[in-house]
Amino acid sequence: MTTPCRLGGLLLLLLLGAVAVAIAASHPANEFCAAAGGGAGCGGGGDGARILIKGGTVVNAHRAEEADVYIEDGVVIAVRPNIRVGDDNVKVIDATGKFVMPGGIDPHTHLEMEFMGTVTIDDFFSGHAAALAGGTTMHIDFVIPVNGNLTAGLESYKQKAEKSAMDYGFHMAITKWNDDVSREMESMVKDHGQKVIGEPVVSGLVLNDSWLWDPDFTIASKYVMSPPIRQAGHNKALQLALSSGVLPLVGTDHCTFNSTQKAFGFDDFRKIPNGVNGIEERMHIIWDSMAETGQISGTDYVRVTSTECAKIFNIYPRKGAILEGSDADMIILNPKRSFVMGAHTHHSRSNTNVYEGRKGKGMVEVTISRGRVVWEDGILNIVPGSGRYIRTPPFGYLFDGTEKSDAAYRASLRAPVQRGKASA
Ligand SMILES: [Zn+2]
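Could you give an account of the sheet that holds strand β4 (residues 68-72), naming the residues involved and the relevant values?
Pairing within the open sheet is mixed, and its four strands lie in the order β5-β4-β1-β6. Two strands bound the open sheet, and with one partner strand each, they are β5 (75-80) and β6 (91-94). If you compare each strand with its neighbour and ignore which way they point, the axes differ by 15 degrees on average. As paired elements, β4 and β5 share five bridges and run antiparallel to each other. Pairing of Y70 across the sheet is with A78, part of β5.

Laid out in structure tokens, this is it:
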């Protein structure tokens, strides 16, 4: 069976540029607006909220610094120490002793996907609620073609995303191949070279297959995903590959089914819908298991959870950074606070969680999405329909030099060889 989960999972082959279909979204203006002003020509598109984050450590992939962050109309206006704004209408957040980091970008999710005779239980609203509560402010979902038709698939996902509460992009899954698909791809992507990069998923980084042998079907079945979770040891190897940069980013393959759906396979494990949760847990788990332990630095954490994904999909530094002009998608993480995960507190619609009972350090206390505080003090404040499609332009940095390297490879083949007729 060729399914996106099977195609993706441990190693996601990214056919870059496969989703170059613009729907909307123009970048808000980047000009520095007068603090008390706002008004015409000043940003636009946002709800006018002004936020000042004071006293935190701003962590980008390229460096960490003590700085304040000033946000207006959904855009980062300034990042520097001691910003003063003479206006009572500015929401001030004290981030002393905390990290202010770009919101997570999850490159691999399946929201409201028809699969194995059912549909994943998180849609573009509940999935976004879970994401924002866990510090992820954008994801890239797989569009599944309708009977192999890419255009119909995209239309269907545009409708599914109407209830979105945060920004999102799309990958196009290619589930079958024929002349029509070939022509459609041609119209969506110009022919160009490709590079392959690897993306571990968070479940593969911290879980092992011992759960699959649990005598309780409800527990065992929730860990069924594809590719399967491997035996202990594989996860450490993947963590090493992520920390050394061999693998550049981490996703989730968030693809949730509740215990009733999983029970479709009670008498035949092949019928258990494949998939696990992760969109809400990824940021906390990577922080706790890799940054808190010292395996990666804070700047590396930002790189693997956000910046690299933004670069690969060619939306950096609009996303994946806290810089002047960037979208105001960010989190405030308190490294001193602890978390406990589980189905009773998560925001997914599933009644199970593969990280049930997992404890760790580092808490996303605040999530800001497009300049709005959407998660604070354990309370979500989100609006269906507020998310926007983010066009991911083709030919990002991974394409740099592709033509030259292809030409060098062809030249190295020493072919064709000109030969005369064979002699006796
Ligand atoms: Zn997948």
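Still more to cover.
Provide a residue-level description of the nonpolar core, including the pertinent values.
For soluble globular proteins, the rule of thumb is that nonpolar side chains tend to be buried together. Of all hydrophobic cores here, the largest spans 95 residues; its most connected members are V69, V100, L132 and I286. Leave out the neighbours within four places in its chain, and L132 touches T137, A165, M166, T367, S369, V374, W375, L380 and I382.

Can you tell me about helix α11 (residues 402-412), naming the residues and giving the values?
The element α11 is largely exposed, with a buried count of zero among its eleven residues. Directly after α11, the chain includes R414, whose backbone phi takes a positive value near 55 degrees.

Now, about the packing of helix α9 (residues 282-291) against helix α10 (residues 298-312): what can you tell me, with residues and values included?
Interhelical geometry of α9 versus α10 gives an angle of 145 degrees and a closest axis separation of 11 Å. Our pair here, α9 against α10, has a crossing hand that is right-handed. On α10, the residues that touch M283, I286, W287 and A291 of α9 are G298, Y301, V304 and T305. When its residues are assigned to classes, the contact of α9 with α10 shows six nonpolar, two polar and no charged.

Break down the sheet that holds strand β11 (residues 136-143) for me, with residues and values.
Taken in spatial order, the three strands line up as β8-β11-β12 in an open sheet, and their pairing is parallel. Taken across any chain shown, the strands that pair with only one partner, and hence form the sheet edges, are β8 (104-109) and β12 (167-172). Looking at each pair of strands side by side, their axes are set apart by 20 degrees on average, direction ignored. Relative to β11, β8 runs parallel, the two sharing four bridges.

The rules behind each value
Residues numbered from 1 in each chain as written. Predicted model: local features only at pLDDT ≥ 70, side-chain atom pairs only at ≥ 80, totals over all residues. Pairing = 2+ DSSP bridges. Helix = DSSP H or I, 4+ residues; strand = E, 2+ residues; numbered from the N terminus. Axes fitted to C-alpha atoms, helices over the stretch in contact; angles between N-to-C directions. Core = buried A, V, L, I, M, F, W, Y, C linked by C-beta atoms within 7 Å. Buried ≥ 20, exposed ≤ 12 C-beta atoms within 10 Å, placed from the backbone. Contact = placed C-beta atoms within 7 Å. Left-handed = near helix turned anticlockwise from the far one by under 90°. Nonpolar A, V, L, I, M, F, W, Y, C, P; charged D, E, K, R; others polar.

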